[in-house]
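Understanding the architecture of this molecule
Single-letter residue listing:
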Protein chains: 2
Amino acid sequence: MAEEMAQAQPRLTAPRSVRCIVKLGGAAITNKGELESINEENLRSACAQLRHAMSESDGDGAMEKVLGMDWSRKPGDPVDPAVDAEWIAGIARLGLDTNFVVVHGAGSFGHFQASRSGVHKGGLHSTLVKAGFVATRISVTSLNQEIVRALARGIPSVGMSPFACGWSTQQRKLASANASQIFQSLHAGFVPVLHGDAVLDELLDCTILSGDVIIRHLAQLLSPKYVVFLTDVHGVYDRPPTDSNAVLLREIEVDDIGGWSIVKPALLQGNTKGVEISVAAHDTTGGMETKILEAAVIARLGIDVYITKAGTEHSLRALKGDVSTDSEDWLGTIIRSSK
Amino acid sequence: MAEEMAQAQPRLTAPRSVRCIVKLGGAAITNKGELESINEENLRSACAQLRHAMSESDGDGAMEKVLGMDWSRKPGDPVDPAVDAEWIAGIARLGLDTNFVVVHGAGSFGHFQASRSGVHKGGLHSTLVKAGFVATRISVTSLNQEIVRALARGIPSVGMSPFACGWSTQQRKLASANASQIFQSLHAGFVPVLHGDAVLDELLDCTILSGDVIIRHLAQLLSPKYVVFLTDVHGVYDRPPTDSNAVLLREIEVDDIGGWSIVKPALLQGNTKGVEISVAAHDTTGGMETKILEAAVIARLGIDVYITKAGTEHSLRALKGDVSTDSEDWLGTIIRSSK
């Protein structure tokens, strides 16, 4: 049957403009202190807010009945779960602007497995690293599975593991990251859900690819209108947010040559020294530095980045793109280009 | 440690000869009559036999202690599960010939979701089909997750969804199926675990890609020494195996131009008429016709195909490649080229 296979079509055209890339931070959606534990409340809230942000009607009661797309059997379900196929078939359109991409961190999934084995350092000749690679992928893909399920309460979400997509690194820097399947999925009306993953590395054999690096790469490829990082604190602070004197940085400007400056609050204006920028004390995957650096790269492309706390009115506004530098009542950090 | 690591090999060449591609049939590893129910005994047995077949020592007590690569927390586990990292690190090599690829069917996973919504017929403009696509993928990837976990008791398994790999069809025929990530994974010593999946279709929008089609495509690309289909009956019969008069076809020969003939048993020799070939009454994904047709395409490449019952001494021998047309005591069907 090989002869019947058609040549693949050129698949690299970008879909209609992507509205938003969302990072569901590991600190927000998992309980960091507890191995493989999901923060159900935050996850449910983030998914509901995303659905709200996608809703074209923008009304409060946008959809009276949420379209459930996880038809798996739950414990206690009858053998044949109830799926109201006729009702679903009667819905003309989903009524959602699904041009979103979701990327999530690992939080308390994968971290234990990766650190116990040293997957990020590479070296697959070591049995421990090889076993840890397998264990890490099992853990992060099980989280991905649960997040896709949670999103599927109304959102046509499809899980896509960077490892399976063929993404790989060279000395921890993204080397191969074909996004054609992400384009296709968006074009077909699905919301791709990627995640931080264990991947192959051309020099080190393997390493960990963080969700923040994935976000930056996708922002470069997809040019979304804005990027949202949902985390467990209100945004970027001038010192660890656990410090009672910590000040939330409301607006950071980045320039073309790698510089950055604080625009708001005014008391820290222009101050780039003595400020120990901090996002989330507990978000260790990639760490705050990675997050800020990747966010700055995105902002330099002219794409506004909003960092805010999951499950708040501020995260809903961020997901809707309803934030401006004049929004005094919005709590979070805007990182944008100085141009 | 980076400096200690060797240069990566060129990664797009096919790996050293793949030994075997294994299909874990949906009928064998799930309870077909019960929605989303795994046949734990058959799955455990298939995984143990695979590990045995990969074992280089070929001894009975090959590994005294199985190297567990699923370090996830199980219900009832302490917060920090016990992983004997020092013991693992002390193992010089895994001692396995991991040049295997595993593909599994969906069985009682995905089938309900796909048939309720008509995903295989395509048409993503329909909300029902779109929701069904999401529901089907959630179901089949959750099965993949459990199979990867089961294999990870000793085998460095990595899940790879065809959808995420970017595999797509054109009018249900495989159109794009890049296998470079499968090559890379094999080269790195991992066992890729693929599955029947919902995929995008260039003409129909979407459809179902069966595990049997995946097997055939991978056999063409990887030229394994042999291919094994594990199912819930002893092999291919001349009529439904539920019929008490059904005769097991021990050896089928296929020629270059699409013909086939029964070699054993002798009483059916040359008989291709009046024989209603049947594999497994309950294996509806792709159906028996797809399975036989795909197996015949593989055999025509000069690759022997063994179809046998999971969890038996015969399946272990098939996985080891310890089967020949002279093996009178082996119960199963051999499909091979007449050349």
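Sequence order as written defines residue numbering, which begins from 1 separately in each chain. All chains are assigned letters beginning at A, and all ligands numbers beginning at 1, according to the order in which they are written. With pLDDT at 70 or above as the cut-off, local features in this predicted model cover only qualifying residues; side-chain atom pairs require 80 or more to be listed or tallied, and sums for whole chains, interfaces and linings still use all residues. Only hydrogens and water are set aside when side-chain values are computed; all heavy atoms of the structure are taken into account.

- Under an unreviewed UniProt entry, the name given to chain A is Isopentenyl phosphate kinase, and the organism recorded is Zea mays.
- UniProt positions are given in the numbering used here, feature names are shortened, and annotations may be inferred rather than shown by experiment. Listed under Catalytic activity (unreviewed entry) in UniProt, the entry text for chain A is "isopentenyl phosphate + ATP = isopentenyl diphosphate + ADP".
- We quote the UniProt Sequence similarities (unreviewed entry) comment for chain A here in full: "Belongs to the isopentenyl phosphate kinase family."

**Some words on the confidence of the model for chain A**
- You can read pLDDT as the predictor saying how much it trusts each residue, on a scale of 0 to 100. Model confidence for chain A is summarised by a mean pLDDT of 87, while 86% of its residues fall at 70 or above.
- Every residue pair with non-hydrogen atoms within 4.5 Å of one another is taken to be in contact. Across residues 280-286 of chain A the pLDDT falls below 50, and counting only partners more than four positions away or on other chains, this stretch makes 17 contacts in the model.

**A short note on the pattern of salt bridges**
- Any Lys or Arg side-chain nitrogen found within 4 Å of a carboxyl oxygen on Asp or Glu counts as a salt bridge. Enumeration over the complete set of coordinates arrives at 34 salt bridges over all chains.
- One salt bridge connects B:Glu251 with B:Lys264, and the closest N-O pair in it is separated by 3.9 Å. Note that B:Glu251 is positioned in strand S10 (residues 251-254) and B:Lys264 in strand S11 (residues 260-264), a separation of 13 residues in sequence.
- Each of the salt bridges in this network shares a partner with another, and the network as a whole consists of A:Glu251, A:Glu253, A:Lys264, A:Glu328 and A:Arg336. A helix here means a DSSP run of H or I that spans at least four residues, while a strand means a run of E at least two residues long, and both kinds are numbered starting from the N terminus.

**What about the sheet that holds strand S6 (residues 191-195) of chain A?**
All names here are of chain A.
- At least two DSSP bridges between two strands are required for those strands to pair. Within the open sheet, the 9 strands sit side by side as S3-S6-S2-S1-S9-S12-S13-S10-S11. Their pairing is mixed. Two strands close off the open sheet at either side, each with one partner strand: strand S3 (157-159) and strand S11 (260-264). Looking at each pair of strands side by side, their axes are set apart by 20° on average, direction ignored.
- Of the strand pairs in this sheet, strand S12 (residues 304-309) and strand S13 (residues 333-337) are connected by 3 bridges, and their pairing is antiparallel. Here an axis means a line fitted to C-alpha atoms, over the contact stretch when the element is a helix, while the angle between two N-to-C directions is reported on a 0 to 180 degree scale.

**A short note on the packing of aromatic side chains**
- Here is the rule: rings of Phe, Tyr and Trp (six-membered ring for Trp) pair when centre to centre is within 6.5 Å. Planes less than 30 degrees apart are stacked, more than 60 are edge-to-face, and the remainder are tilted. Applying the stated criterion across every chain, the model contains 8 aromatic pairs over all chains.
- Ring geometry for A:Tyr306 against A:Trp330: centres 6.0 Å apart, planes inclined by 70°, an arrangement best described as edge-to-face. Of this pair, A:Tyr306 sits in strand S12 while A:Trp330 sits in the loop between helix H9 (313-320) and S13, placing them 24 residues apart in sequence. A:Trp330 shares its class with A:Tyr306; the two are buried.
- Members of the aromatic cluster, connected to one another through ring pairs, are A:Phe133, A:Phe163 and B:Phe190.
- For a Lys NZ or an Arg CZ to count as sitting over a ring, it must be within 6 Å of the ring centre and within 35 degrees of the ring normal. Across the ring face of A:Trp87, the terminal group of A:Lys65 is positioned such that the distance to the ring centre comes to 4.1 Å. For the exposure calls, accessible area comes from a 1.4 Å probe over protein chains only, and a residue counts as buried if that area is under 20% of its type's maximum, exposed if over 50%, partly exposed in between.

**A short note on the relation of the copies chain B and chain A**
- Least-squares superposition of the copies uses the C-alpha atoms of those residues scoring a pLDDT of at least 70 in each of them. Superposition record for chain B on chain A: RMSD 0.0 Å, screw rotation 180°, translation along axis 0.0 Å. On the angle and the small slide along the axis, the relation comes out as a two-fold axis. When C-alpha positions in chain B are compared against the rotation axis, the closest is assigned to B:Cys165, at 2.3 Å.
- When the interface residues of chain B are mapped onto chain A, 86% of them again lie at the interface, so the same face is used by both copies.

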